[in-house]
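Observations on the model geometry
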Amino acid sequence: MNMLFKINENDNVAIALEPLKKGYTEDGITLLDDIPFGHKVLLKDLKAGENIIKYANPIGHLSCDVKAGSHIHQHNLKTNLTNKFDYTFSGDKEYKTEKTELTFDGYVRPNGEVGTRNEIWIVSTVGCINNTVTALEKIGQSEFSDGVDGVFGYTHLYGCAQIGEDQELTRKMLAALINHPNAGGVLVVSLGCENTNVETLKKYLGDIDENRVKFLVTQDCNDELEEGRKLLGELNTYVRKFKRMPVSLDRLTIGFKCGGSDAFSGITANALCGRITDRLTKFGSSVILTEVPEMFGAEHLLMERAENKEAFEKTVRMINDFKAYFENHNQVCYENPSPGNHDGGLTTLEEKSLGCIQKGGRAVVTDVLNYADKCKKAGLNLLTGPGNDIVSITNLTVAGAQIVLFTTGRGTPLGAPVPTLKISSNSQLAEKKKNWIDFNAGELLNGESFDLLTDNLLDLIISVASGKSTKNEQNNYREISIFKDGVIM
């Protein structure tokens, strides 16, 4: 079996499929260095300044002359990225769908939206009452979980002492979370004197179903836990009336996230998700891709797939605005890979980005969403947001994802409020962290076909949408984090 894997015939590097020692020879290449698992090997002699090609695209340039068989990493590869680029619209792209007979068993809400879970959520309006929410979650799980898919509390640090855009974003994010269809019922818990108090938050919620959403202002009652217990009982009575029913697959919205990437993420897990994106968008489902900094260096490939001039211009604006966000904080926009990414074999941001956008497959980009925007269009949607794992999964949930597909090469237990399918990029991780990983895309490196694994993963997605629990749900790993940019008073 070959131990050097070349992704594209135009690449001038290959990836080590296991740790390889200096002197190992394969296909005429003799290693001049020890090569760690997942790291890059140069396939021909190159001069300083010449580009390293991976995924058939440049991922940076050499800082010195390098011989074939050498290890390519931080010591000799530098990014090509700068803060500014000019982009050109390449013309409209046709987005076509076809009818599918595939369905999942979901919960249809009175407003027509569909959930993949029928849970009771307890949402804090402000960080001051986070422990109250935690106490109510315990009461709910102990006394009111029968007949529903669970009772879960979601806390955060904000909701008061914020001003301007941060305060506005917190309110929009909380409102979108409260309105999510995976929550059959919601208890909103407030202190009472915070900026984002109940009366203020109600203005962001739209039409409120009083059977579905209950409000508890802790300063206004003698015993907030007893009052919360009463309201949770009412919500349980309401929520348990919903039953699963067959729903067309085009009612499904999937969010994509990668965290703790390695050199195989873009080859296996992300590329497999790209096949899922192509399959689902063909059926008229919505798919959401976020992590804008992990598009830097590959954004032109997404722009080439914009459905129309409007989608193109929104993509350009999203990229440039996020670069400006970096600049406003006196940071460069091209130093992204984390220590874990570097250990896994990723060197430059464009290398990571080219692997990251593989999750978008070849789908047409139909829309670009801002923070707290609701995904409304079928096809591939791009969502403004950072790469931070907890912020990203919250962002995807708020945008309307009923399930998140989370690829990883290093491993993480993190989960969103919605079912979070962990997909490993390599078999070693899948074997080591069986309690975290739901699906092993590393089987692609063992000879399994993309077609078979795409079918298997789609079957698993439909099963999860219909009620099968994910590892994050089994472990009760669920968190939220709201993006913040400004000052706290």
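Now for a quick tour of the structure.

The rules behind each value
- Residues numbered from 1 in each chain as written.
- Predicted model: local features only at pLDDT ≥ 70, side-chain atom pairs only at ≥ 80, totals over all residues.
- Heavy atoms only, no water.
- Pairing = 2+ DSSP bridges.
- Helix = DSSP H or I, 4+ residues; strand = E, 2+ residues; numbered from the N terminus.
- Core = buried A, V, L, I, M, F, W, Y, C linked by side-chain atoms within 4.5 Å.
- Buried < 20%, exposed > 50% of the residue type's maximum accessible area, 1.4 Å probe, protein only.
- Contact = heavy atoms within 4.5 Å.
- Axes fitted to C-alpha atoms, helices over the stretch in contact; angles between N-to-C directions.
- Parallel < 35°, antiparallel > 145°, perpendicular 65-115°, else oblique.
- Salt bridge = Lys/Arg side-chain N within 4 Å of Asp/Glu carboxyl O.
- Polar contact = N/O pair within 3.5 Å; in protein donor to acceptor, adjacent residues only side chain to side chain.
- 1 Å grid on protein atoms, 1.4 Å probe; cavity = no way out; pocket = protein on both sides within 12 Å on 5 of 7 lines; lining within 4 Å.
- Points joined across faces, edges and corners; volume = space filled by probe spheres on them.
- Nonpolar A, V, L, I, M, F, W, Y, C, P; charged D, E, K, R; others polar.
- Patch = residues over 30% accessible without salt bridge, like charges linked within 9 Å, V, L, I, M, F, W, Y side chains within 5 Å.
- Areas by Shrake-Rupley, 256 points an atom, 1.4 Å probe, with all protein chains shown as cover.
- Right-handed = clockwise from strand over helix to strand, strands pointing away.

Topic: the sheet that holds strand β1 (residues 4–5)
- Read from one edge of the open sheet, four strands run β1-β2-β5-β8, paired in antiparallel fashion. Each edge of the open sheet is held by one strand with a lone partner, namely β1 and β8 (71–72).
- Relative to strand β5 (residues 40–42), strand β2 (residues 13–16) is paired through three bridges, and the arrangement is antiparallel. When the sheet's bridge partners are listed, Ile 15 is paired in β5 with Lys 40.

What to know about the nonpolar core
- Judged by nonpolar contacts, the single largest core of 105 residues is most densely connected at Ile 52, Phe 296, Leu 382, Leu 405, Leu 457 and Ile 461.
- A per-element tally of this core places helix α12 (residues 450–465) first, with eight residues.
- With residues near it in sequence (within four places) discarded, Ile 52 still touches Asn 12, Val 13, Leu 42, Leu 46, Asn 57, Pro 58, Ile 59, Gly 60, Leu 62, Ile 72 and Leu 77.
- Counting residues in hydrophobic clusters, the runner-up holds 21 residues, among them Tyr 107, Val 133, Val 151 and Val 189.

Re the packing of helix α2 (residues 164–178) against helix α10 (residues 389–398)
- Two numbers describe how α2 lies on α10: the axes approach to 9 Å, and their chain directions differ by 60 degrees. With respect to each other, α2 and α10 are oriented oblique. Facing Met 173, Ala 176 and Leu 177 of α2, the residues of α10 in contact are Thr 394, Asn 395, Thr 397 and Val 398.

A few points about the pattern of salt bridges
- Scanning all chains against the criterion turns up 23 salt bridges.
- With its nearest N and O atoms 3.8 Å apart, the salt bridge here joins Asp 149 to Arg 244. With Asp 149 in the loop between α1 (130–143) and β13 (151–154) and Arg 244 in the loop between α4 (224–239) and β16 (245–248), this residue pair connects regions lying 95 residues apart in the sequence.
- Using a relative accessible area of 30% as the deciding quantity, one classes Asp 149 as partly exposed.
- Taking the relative accessible area as the measure of exposure, Arg 244 reaches 25% and is therefore partly exposed.
- For the salt bridge of Asp 389 with Lys 257, the shortest nitrogen-to-oxygen distance reads 2.7 Å. Taken together, the positions of Asp 389 in helix α10 and Lys 257 in strand β17 (residues 253–258) put the pair 132 residues apart, joining distant regions of the chain.
- Asp 389 sits in the partly exposed class, given a relative accessible area of 22%.

Some remarks on the environment of Asn 446
- Here Asn 446 lies in the loop between β23 (439–440) and α12.
- Remark: the alpha-carbon pair of Asn 446 and Pro 417, spanning 29 residues in sequence, is separated by 33 Å.
- In this structure the side chain of Asn 446 is engaged in a polar contact, spanning 3.3 Å, whose partner is the side chain of Ser 427.

What to know about the environment of Leu 382
- Assignment of secondary structure puts Leu 382 in strand β20 (residues 379–383).
- The class of Leu 382 is buried, set by a relative accessible area of 0%.
- With twelve residues separating them in the primary sequence, Leu 382 and Asn 370 have C-alpha atoms 8.8 Å apart.
- Look past the residues within four positions of Leu 382 in its chain and what remains in contact with it is Leu 289, Met 295, Leu 302, Thr 315, Met 318, Val 365, Asp 367, Val 368 and Leu 369.

Describing the sheet that holds β13
- One open sheet accounts for four strands, arranged β13-β12-β14-β15; its pairing is parallel. Looking at the sheet topology across the chains shown, the edges are occupied by β13 and β15 (213–217). Pairwise comparison of adjacent strand axes, ignoring direction, gives a mean angle of 20 degrees for this sheet.
- In the sheet, strand β12 (residues 119–124) pairs with β13 via four bridges, with the strands oriented parallel. Bridge pairing in β13 links Trp 121 to Phe 152.
- Set on the sheet, α2 makes contact with β12, β13, β14 (183–190) and β15; between it and β12 the angle comes to about 165 degrees.
- Strands β14 and β15 of the sheet are contacted by helix α3 (residues 198–205), whose axis makes an angle of about 160 degrees with β15.

Brief notes about the layout of surface pockets
- Of the voids in this model, the largest pocket is the one considered here, and its volume is about 690 Å³.
- What lines the largest pocket is a set of 24 residues, and nearest its centre among them are Glu 165, Asn 370, Tyr 371, Thr 384 and Phe 483.
- Residue assignment for the lining of the largest pocket shows that the elements contributing at least two residues are α2, α7 (309–328) and β19 (365–369).
- Of the residues belonging to the lining of the largest pocket, the class tally is ten nonpolar, six polar and eight charged.
- In this structure, the second largest pocket encloses a volume near 440 Å³.
- Considering the residues around the second largest pocket, the lining is formed by 17 residues, among which Ile 267, Ala 271, Arg 275, Gln 358 and Phe 450 are closest to the centre.

A few points about a nonpolar patch on the surface
- A contiguous nonpolar surface patch, about 330 Å² in accessible area, is contributed by Ile 163, Val 487 and Met 489.
- Its place among the elements puts Val 487 in the segment after α13 (471–474).
- The class for Val 487 is exposed, based on a relative accessible area of 54%.

As for the pairing of β15
- As defined by bridge partners, β14 adjoins β15 across five bridges and the pair is classed as parallel. The residue bridging Val 186 from the neighbouring strand is Val 213, located in β15.
- Crossover β14 to β15 through α3 is right-handed.

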